[in-house]
Amino acid sequence: MTVAGLPCAWWLVPEAGRHERLSRWIGALAALHGGPVFEPHLTLALSTLPEGADVPAVRARLAAAVAVPGQEGAADEGLQPLTLNTVGLGHDPHFFRAFHLRMAPSQVERQTLAAQVRALHGALGPAWDTRPPAFAPHVSLAYGEWTEERRRQQVRDTPIDPELARIRFDTLVGVWPRAGARTLDRVADWEIFLRLPLSRVEQAGTGDLVTRVTDRVKAMEQRGYTFEAADASFE
């Protein structure tokens, strides 16, 4: 049973190849700086959980909102995979943006992002109060309370993987606080409650989705990934 008023974040998660590259990078930086490990993502929107949210019903509505390729208007509206260019590394004093990949959406891509937020809002309904985040699109690589010099040094010392010049996001993920938590201020309190491929073809084969995701997490843990608590305000 959900608790009304809790925060919820909606992520766009990269396709498998880029997901693996970014996960390795995030893990290496976490080991180097002592920060938490997290799934690579771009925050699409934020919501507030309404009373009595029904996750299966929500997933069904979101699945129905996924754009059908070739259908008139699908390029402009509906949830769909999205490819964005990266424009280098960035840093910020905010804990959750300490070190990140900066995205450079074109005007058309910005319109597509806005359309996805509208589609998300329409599928969830007004009670969820879904809205875009107040920060620019980015993919975080490390969280932490870093000094400005440390952040600048990391940017200077880090080569950019050319394979990450363009990133395709093909999955929508919903995150809320785990049982007993009231905020998303700590990575350890994050719980993924929904994972939806943004392709009708991929949706048709998601019967073993939970198994595949679990297997990926176990494989990451075997390579030394761990999930640690971190105090901060969530974005």
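Residues numbered from 1 in each chain as written. Predicted model: local features only at pLDDT ≥ 70, side-chain atom pairs only at ≥ 80, totals over all residues. Heavy atoms only, no water.

A few points about the nonpolar core
Phase 1 of the analysis: Ranked by internal contacts, the top residues of the largest apolar core, which has 59 residues, are W10, L62 and L172.
Phase 2 of the analysis: The residues touching L172, leaving out its near neighbours within four places in the chain, are W10, W11, L12, L44, L62, L79, L120, L194, R195, L196 and L198. (Core = buried A, V, L, I, M, F, W, Y, C linked by side-chain atoms within 4.5 Å. Buried < 20%, exposed > 50% of the residue type's maximum accessible area, 1.4 Å probe, protein only. Contact = heavy atoms within 4.5 Å.)

Structural notes on the layout of surface pockets
In this approach, a probe sized like a water molecule rolls over the atoms, and the result shows the empty space that is left.
Phase 1 of the analysis: Here the second largest pocket is characterised by a volume of approximately 230 Å³.
Phase 2 of the analysis: Lining of the second largest pocket is provided by 15 residues; of these, L44, L113, P132, P133 and P137 occupy positions nearest its centre.
Phase 3 of the analysis: The set of elements that each furnish at least two residues to the lining of the second largest pocket consists of β2 (42-48) and α3 (107-124).
Phase 4 of the analysis: For the lining of the second largest pocket, the class distribution of residues is eleven nonpolar, two polar and two charged. (1 Å grid on protein atoms, 1.4 Å probe; cavity = no way out; pocket = protein on both sides within 12 Å on 5 of 7 lines; lining within 4 Å. Points joined across faces, edges and corners; volume = space filled by probe spheres on them. Helix = DSSP H or I, 4+ residues; strand = E, 2+ residues; numbered from the N terminus. Nonpolar A, V, L, I, M, F, W, Y, C, P; charged D, E, K, R; others polar.)

Regarding the pattern of salt bridges
Phase 1 of the analysis: Overall, the coordinates contain twelve salt bridges when judged by the stated rule.
Phase 2 of the analysis: Linked by salt bridges that have partners in common, E15, R18 and E163 make up one network. (Salt bridge = Lys/Arg side-chain N within 4 Å of Asp/Glu carboxyl O.)

Here we look at unusual backbone geometry
Phase 1 of the analysis: Its identity as a non-glycine residue notwithstanding, D129 has a phi of 50°, on the positive side.
Phase 2 of the analysis: Examined against the element boundaries, D129 turns out to sit in the loop between α3 and β5 (138-142).
Phase 3 of the analysis: The exposure class of D129 is partly exposed, given its relative accessible area of 41%.

Any functional reading would require information beyond the geometric quantities listed.
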